[in-house]
Amino acid sequence: MKKWFTDKGYYAGSKEYLIFRKITMLIVFIFVIYGNMNAQLLDKKITVKLTNVSFQDALKEIENAAKVRFVYSEDQLNIKDKVSVDVNDKTLKETLDTFLKPYNISYRIHENELSITLRRHVQKSRSILDPGINNLTDDSQIEGKVTASKTQEGLAGANIIVKGSINGTTTDSDGMYRIFARPGDVLIFSFIGFTQSEVVINNQTLIDVSLVEDVKSLDEVVINAGYYQIDSKDQTGNISRITSKEIATQPVINPLQALQGRMAGVHVSQLTGIPGDGFSIQIRGVNSIRGSAANEPLYIIDGVPFSSTTLFAVGGSITKGPSPLNSINPSDIESIEVLKDADATAIYGSRGANGVVLITTKKGKGGKTQADINVYTGIGTMGNQMSLLNTSNYLQMRREAFRNDGVAPTIANAPDLLLWDTTRYTDWRKTLLGGSAHITNAQATISGGNSNTQFLVGAGFFRQTTVFPGDYNYQKGSVHFNLSHTTENGKFSANVSNSIVIDNNNLPSVDFTSLMFNLAPNSPSVYDATGNLNWENGTWSNPYGDMKRRYTTSSKNLITNANLSYQLLPGLKLKGNLGYNTITSDEKNIVPIAAQNPANNPLGSTISTRGSITTWIAEPQLDYERSIGKGKLNMLLGGTFQQTVRDRQGFFAFGYINDTQLENLAAASSLNTFGIDYSEYKYNAIFGRVNYNWDGKYLVNITGRRDGSSRFGPNKRFANFGAIGAAWIFSNELFVKNFIPGLSFGKLRTSYGVTGSDQIGDYQYLDTYSPTTGNYQGGKGLIPNRLLNPDFGWEENQKLEAGIELGFFNDRLFISASYYHNRSSNQLVGYSLPATTGFSSIQSNLPATIQNTGLEIVVSNVTIRRKSFTWSSSINLTIPRNRLISYPNIEGSPYANTYTVDKSLFIQKKYRSLGVNSQTGLYTFEDVDNNGSLSSTIDTQFIKEKAIDFFGGIQNSFSWQRFELQFLFQFVKQTGQNYLSTLINAPGTLANQPTLVLNRWQRIGDITDIQKFSQSNSGIIAYGTASVFGDAVISDASYVRLQNVSFSYSLPLSISDKIRSEKIRLYCQGQNLFMFTDFAGADPETQNAVVLSPLRLLTFGAQITF
Amino acid sequence: MKRSKNILIRFNYRFLSYAFLFLLLSCESFVDIGPPKTQSVSSSVYADDVAALAAMRGVYHEMQKAGFASGQSSSVTVLTGTSSDEFRSFNITLNEFFNNSILSSNQILNSALWSSGYKIIYYCNSVLDGVATSSSVSLAARKQLEGEAKFIRAFTHFYLTNLFGDVPLVVTSDYRVNAVSVRNLQADVYSQIIKDLTEAQALLTNDYQFSGNERVRVNSFAASALLARAYLYTNNWEKAESYATSVINSTALYRIVNDPAGVFLKNSNEAIWQLMPVVTSQNTNEAQYFVPLSVSSLPGFVSLTDNIVNSFEPGDKRKTNWTGNQTVSGTTFYYPFKYKAYRAGSPLTEYSMVLRLAEQYLIRAEARTKQNKFSDAMTDIDIIRTRAGLGSIQVKIPSPSMDNVMTAIEQERNAELFSEWGHRWFDLKRWNRADAVLRPIKIGWSQEDMLYPIPQIELTNNPNLKPQNPGY
């Protein structure tokens, strides 16, 4: 349509006017908020009286009278007639209608309200460039505008197709279209989110169509499936989704946390409550024997693969593994889709075995420029932590321990009883974890544009302090930018996104939760009389010393990508996805001299790790769509080129003699490197998809991928993966419609396919040599890393799924259930070798097979929908099962003591606890071979499972007038590791204990499950055995948690109008508010008594939209 | 005009489609990333002398870093010493060794003795394969490396066969062969050891110039010294004597150090081969593990038994120089103090002694005794005694016999070689003295305990290794 203006088109105004107009546009863009003024312009009353003037002069007069400019092509409006106009106080609309109609001229008001475009509809010879070229000769040009019925705004990119042909076009940015068709043809108008409309052509050449928006129903939801988009009702696969709406109700740092409890089949758990720490995610169970890194899903952010594995290598730091996903700002996310079954994941081939997490960031929307400012602030307090003994209970425990052992306390073994003030009491839990973490989050976005070009600019800042005493904080700053452009003819479009996130984490290097158990409640005062740290002559370890040990990380993450699309032929698009991501991180673990007891002449040390992960990806694609018979065919063919480079260096700097230069590695007296790693990963693939939807009833989706990965030897680099999915929307069958009256939607679907996993690390097939850790004779040596096996290949994951989706009463009740049955085989594990080969294993494919099955049920329900009140709820439930089907020669493998065939991968082989011996008061265990001693290979025959029975979430939302309330309960039925497994100090030794130890054995004959207080070797060994090898460490860890509450109130328009804002919303949100559990320990989610449990968060905020 | 334009467009589409298909073609070369930057592929390791030498340095480094040759708590020195009458154990992990009740599932047995030994042998075999197939390693370097690799392969087989009896001889790096290897008779293992050592002896140079005059890599005398020991263990007295003599006569390189305190210093005149400590700012592992860290603490892992402590004759300088003691709660513990630099950060003054001249004198003394050359034997013993500040053995044994000279040799070996490389355990075994010595002092002693069990997991992974040693 651009042609229209450029073919000698001119603006009926001066050059100055043009500049003025541009400036005005700019101002309009940024500041001014216009209402809908179209009506006003057309309603303007004018008076014009002209006789026998040229057509052009008449236009000029009307321009002057109405204070408006007409924009038109002189060629087109080359009307030689003399005309007369006579209007008196008529609206501009009436004037134009009367004046222009005889000439077949349509008009359209520009958004800026200053000009009106005129266009004459004439039969003209078709241009050879016109898409309608292949049509028969006697068709005519049909033109018109497609608008949304509600707003009357033009719909850009709506599809118009001549029914039963491949002849089609799309609307331009204003909703205008032009197509060639013959009388009798049927034009089908369609646009995502709107109901399709059909118009039969009689003799008209101007067909304006107003499409009705699909009201809240399943149809509206368009799911991002990665390389393509699909209506959720047409899905043949299984994809779960949350949107910015759900994310916005949760004050979270990491996008993964936003998924918790909200998706069937997706189990997310928080590792600790430390800000910036990681999450574990399992999509439909554990597929690989090779630990958690091999079970990570594939993350794709706006088409760019994102590495989920941490770069950091520092052991023993406060975090359990900071997640690179922290470098994504949750507020920038539009939606997160999780691809689960073969139909959805097979197009990702070798990377799809563990599911795919697609993160789509926010895009600009056309229309008036909108600014959105969202600020919240709040506090986080200690979550579930175990309560500890107070001084009197503690001293009683210690004295009883010495009495039980028949040992007299000495100043060496009992400074707490003999040297320290026994009347002191420090509640270390309160002192170390009782603070408030302050949370501040501010986000601002501006988006706008016209129908051709849209933009979005967002910036955000997040800061959270910790509950620990001391000045620690996690901060994240981000800038997000998105620009989309579609040419007037709708053929070419480009979408460019760019986001930069910088996060800094400044923490102590020890989790104070672990310290509180190490400290006696009557421990000495923290500072001495002179204000220095008090080390009490070396008799205790001062926690305020640890406070000076710092752990800092900072990372910078840049993601940029461009999606280009060009329509070659109607229905055929050439697309390109280009992406680049680089994340650089710097981590330091600093132990200053000041943190240590000066009596030991300490030196300072710093462990520093730096690294980067850089990925680029290029994916050319061809997308083809056409109607065949009663159906619609979609085809996709594409290719992927990807490279990822990881680079990491670690330094251990030791021997600092003062604390001023701790971050200067050169100031250390000894400097060693560790964890030096550089690896390159290249990946190349062809993928395709054929989808056929017949009459909205029968759907088939075939996807496939041929993959090449540099992680395999030359003979095994390429492999094929694929899946087929099929669905039957039986509710569209007449006989169903007639027989089941309440049923509004019904679908049966199934899929089967094979995906793979290449997550084994790079270069594993090569027999490489690595440098030795130390020097020999002045130089590094080289040692072989592994045996050569160029022949191992992909792990294979066969996924089978069947599902049913039912909607009742106009989908007010929607039930979907799916059953999956996945088997991953060809496990890539170290194949055990006898040590005579020099190695204990060789990386190899084993015919070991793991089966994951499960049932996922989602019920969503709009219970009440009244004018001012709605209540909707949804429940998701997942029942997962896992089993090791086969593992040849498991007895000889490194997993002999870990796994058992026919059991799940979650088993633990333990000694059977026989409880506390009523005579000795010590923990006792079954000695299977009766040889008088316990052996960790023979007597660990008792298998307990640390596994999930079922999990899910219950969500409710209420809205009443301007109030909205949402809450989410998360529930998990599981067994887990209780406090016994993480508390290493036996009750009775110089360390505090949870209050539950008071229920201990005291005298001969006592029956209890807590052993006697003891500080002797026999007591410590019995406790240690119970803690490490005993089966009592595994117990019920089920819980129901009020995970999230969000309450909001939107101010009435009368108030928001006053500050010229469109909407003002005030809200408060809570996270992890309370929990029902019988778990013996701190938090059943972390299952670790000595780490900080997830915090309880309460925030207040306001969102203002201009 | 229109027509030509039309063709042009069609051409464009066709061109685009071809270009697209071309783009899609998976190219093998794209996913070929070449060798890693932080690791070396084996071909590049043997592409020049420097890198090939680094591979050999890697072998020495790994020997010293962990495992049977490391001198740590899980080395031959500590484990066999604990099994014999040298050490008292203070650590629960050593209990099975101390009580001579080792389970075949014992982790230390597997990782520190069996697996670490075969890992070193694999390293040696890969060096041998690497230099043999490389065309760019110089002839001199090839000779040198081949000699060293063969020596260490023989050295490791020597310890394996003495610990486990019949063991697989591994002379290739092919895992498919080695994974199904069978146990070779000890005699065959010794034949290979002697073959490797003889070849190494011919390949290696007879000084330390190649290693910058540091005695931390093996030369031809190291091969001769180990040959002397191997022949002694296989009762070939003449050869044991002649190889020991060839070392003893090389006085330009090797001399008995007069002061016992100087014996274990780095590059001491008595050293034939030492391993260089590889942990930064740390001396030998032996010092780290034997010497208690503070005046009030027990020895970390083991202390010397009364048997060893009481075996020193009055005035023996070795007792004052080579043992230390500490009294904790009224009990005095003795610990080996041959290596004294135990504090982290102290300057590097000591290397871990593997082969030294004193042993060669004792080998020759024993070989000569077995050939009834009692006088010559006692001359050798006296060289050792003189350094210890003791009188001549010839005075103590005026009428020498096989029995009393052998008794003197046993006494001298105890006092000289205690807490070094399992000499005591192997002596008890080859002299058939274990039953007599250990039965009275070890609970549940049985003759079969002289051989350690083959790790259970090895029998599972390679059933060809069955049967297990008797008694397990």
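1. Let's talk about the sheet that holds strand S7 (residues 140-148) of chain A
Residue and element names in this part refer to chain A.
- Pairing in this open sheet of three strands is mixed, and the strands run S10-S7-S13 from one edge to the other. The open sheet terminates on both sides in strands that have one partner only, identified here as strand S10 (176-181) and strand S13 (209-211). For this sheet the average axis-to-axis angle between neighbouring strands, irrespective of direction, equals 35 degrees.

2. Remarks on the interface of chain A and chain B
- Each side of the interface is counted separately: chain A has 67 residues, and chain B has 68 residues.
- For the pair chain A and chain B, the summed buried surface comes to about 5,800 Å²; carbon and sulfur atoms form 66% of the total.
- Three residues stand out in chain A for area buried against chain B, namely Tyr776(A), Gln777(A) and Thr836(A), and they jointly supply 15% of the buried area on that side.
- At the junction of chain A with chain B, the criterion picks out zero salt bridges.
- On the surface where chain A and chain B come into contact, there are 13 residue pairs in polar contact (both at pLDDT 80 or more).
- It is strand S32 (residues 670-694) of chain A that contributes the most residues to the side of chain A that touches chain B, ten residues altogether.
- Its residues assigned to classes, the side of chain A that touches chain B shows 32 nonpolar, 27 polar and eight charged.
- The pairing of strand S36 (residues 768-776) of chain A with strand S1 (residues 40-41) of chain B spans two bridges and is classified as antiparallel. Its bridge partner lying in S1(B), Tyr769(A) is registered against Ser40(B).

3. Some thoughts on the environment of Ile1010(A)
Residues and elements named next belong to chain A.
- Among the structural elements, Ile 1010 can be located in the loop between helix H14 (979-982) and helix H15 (1017-1028).
- Residue classification places Ile 1010 among the buried residues on the basis of a relative accessible area of 6%.
- For Ile 1010 and Tyr 1023, which are 13 residues apart along the polypeptide, the C-alpha to C-alpha distance reads 9.6 Å.
- Contact partners of Ile 1010, with chain neighbours within four places excluded, come to Val 916, Tyr 923, Tyr 979, Leu 996, Val 997, Asn 999, Arg 1000 and Trp 1001.

4. Topic: the packing of aromatic side chains
- Counting across every chain of the model gives 63 aromatic pairs over all chains.
- On the numbers, 6.1 Å between centres and 25 degrees between planes, the contact of Phe652(A) with Phe654(A) is stacked.
- Ring centres 5.3 Å apart and planes at 5 degrees place the aromatic pair Tyr776(A) and Tyr60(B) in the stacked group. Of this pair, Tyr776(A) sits in strand S36 while Tyr60(B) sits in helix H3 (residues 49-65), which puts the two residues in different chains. Tyr60(B) carries the same exposure label as Tyr776(A), and that label is buried.
- One aromatic cluster in this structure is built from Tyr776(A), Tyr60(B), Phe68(B), Phe151(B), Phe155(B), Phe158(B), Tyr159(B), Tyr190(B), Tyr233(B), Trp273(B), Trp421(B) and Phe426(B).
- Positioned over the ring face of Tyr681(A) is Arg711(A), at 3.7 Å from the centre of the ring.

5. Considering the pattern of salt bridges
- Evaluated as defined, the whole model comprises 59 salt bridges over all chains.
- Here Lys575(A) ties to Asp623(A) by a salt bridge, and the two come within 3.8 Å at their closest N and O atoms. Residue Lys575(A) is located in strand S29 (residues 572-591), and its partner Asp623(A) is located in strand S30 (residues 604-628); the two are separated by 48 residues in the primary sequence.
- Between Arg711(A) and Asp762(A) there is a salt bridge, with the nearest N and O atoms lying 3.0 Å from each other. Of this pair, Arg711(A) sits in the loop between strand S33 (698-709) and strand S34 (718-728) while Asp762(A) sits in the loop between strand S35 (743-757) and S36, and the two are 51 residues apart along the sequence. For the pair shown, Arg711(A) and Asp762(A) are each scored as buried.
- Through salt bridges that share partners, Glu270(B), Glu313(B), Asp316(B), Arg318(B), Lys338(B), Arg356(B), Arg385(B), Arg387(B), Lys396(B), Glu412(B), Glu416(B) and Glu420(B) make up one connected network.

6. As for helix H7 (residues 139-164) of chain B
All names here are of chain B.
- Helix length check: H7, at 26 residues, gives a terminal C-alpha distance of 37 Å against a target of 38 Å (1.5 Å per residue), a fit within 8%.
- With 21 of 26 residues buried, H7 is to be regarded as a mostly interior element.
- At the exit of H7 stands Gly 165, carrying a positive phi of roughly 85 degrees.

7. Here's the deal with the pairing of S36(A)
All names here are of chain A.
- Where S36 lies against strand S37 (residues 779-784), five bridges are found, and the strand directions are antiparallel. Looking at S37, one finds that Asn 775 is bridged to Lys 780.
- Where S36 hands over to S37, the hairpin turn is made up of two residues, of which Gln 777 adopts a positive phi near 55 degrees.

What counts and what doesn't
- Residues numbered from 1 in each chain as written.
- Chains lettered and ligands numbered in written order.
- Predicted model: local features only at pLDDT ≥ 70, side-chain atom pairs only at ≥ 80, totals over all residues.
- Heavy atoms only, no water.
- Pairing = 2+ DSSP bridges.
- Helix = DSSP H or I, 4+ residues; strand = E, 2+ residues; numbered from the N terminus.
- Axes fitted to C-alpha atoms, helices over the stretch in contact; angles between N-to-C directions.
- Contact = heavy atoms within 4.5 Å.
- Buried area = accessible area lost by both parts, 1.4 Å probe.
- Salt bridge = Lys/Arg side-chain N within 4 Å of Asp/Glu carboxyl O.
- Polar contact = N/O pair within 3.5 Å; in protein donor to acceptor, adjacent residues only side chain to side chain.
- Nonpolar A, V, L, I, M, F, W, Y, C, P; charged D, E, K, R; others polar.
- Buried < 20%, exposed > 50% of the residue type's maximum accessible area, 1.4 Å probe, protein only.
- Phe/Tyr/Trp six-rings, centres within 6.5 Å; stacked < 30°, edge-to-face > 60°.
- Lys NZ or Arg CZ within 6 Å of the ring centre and 35° of its normal.
- Expected span 1.5 Å × (residues − 1).

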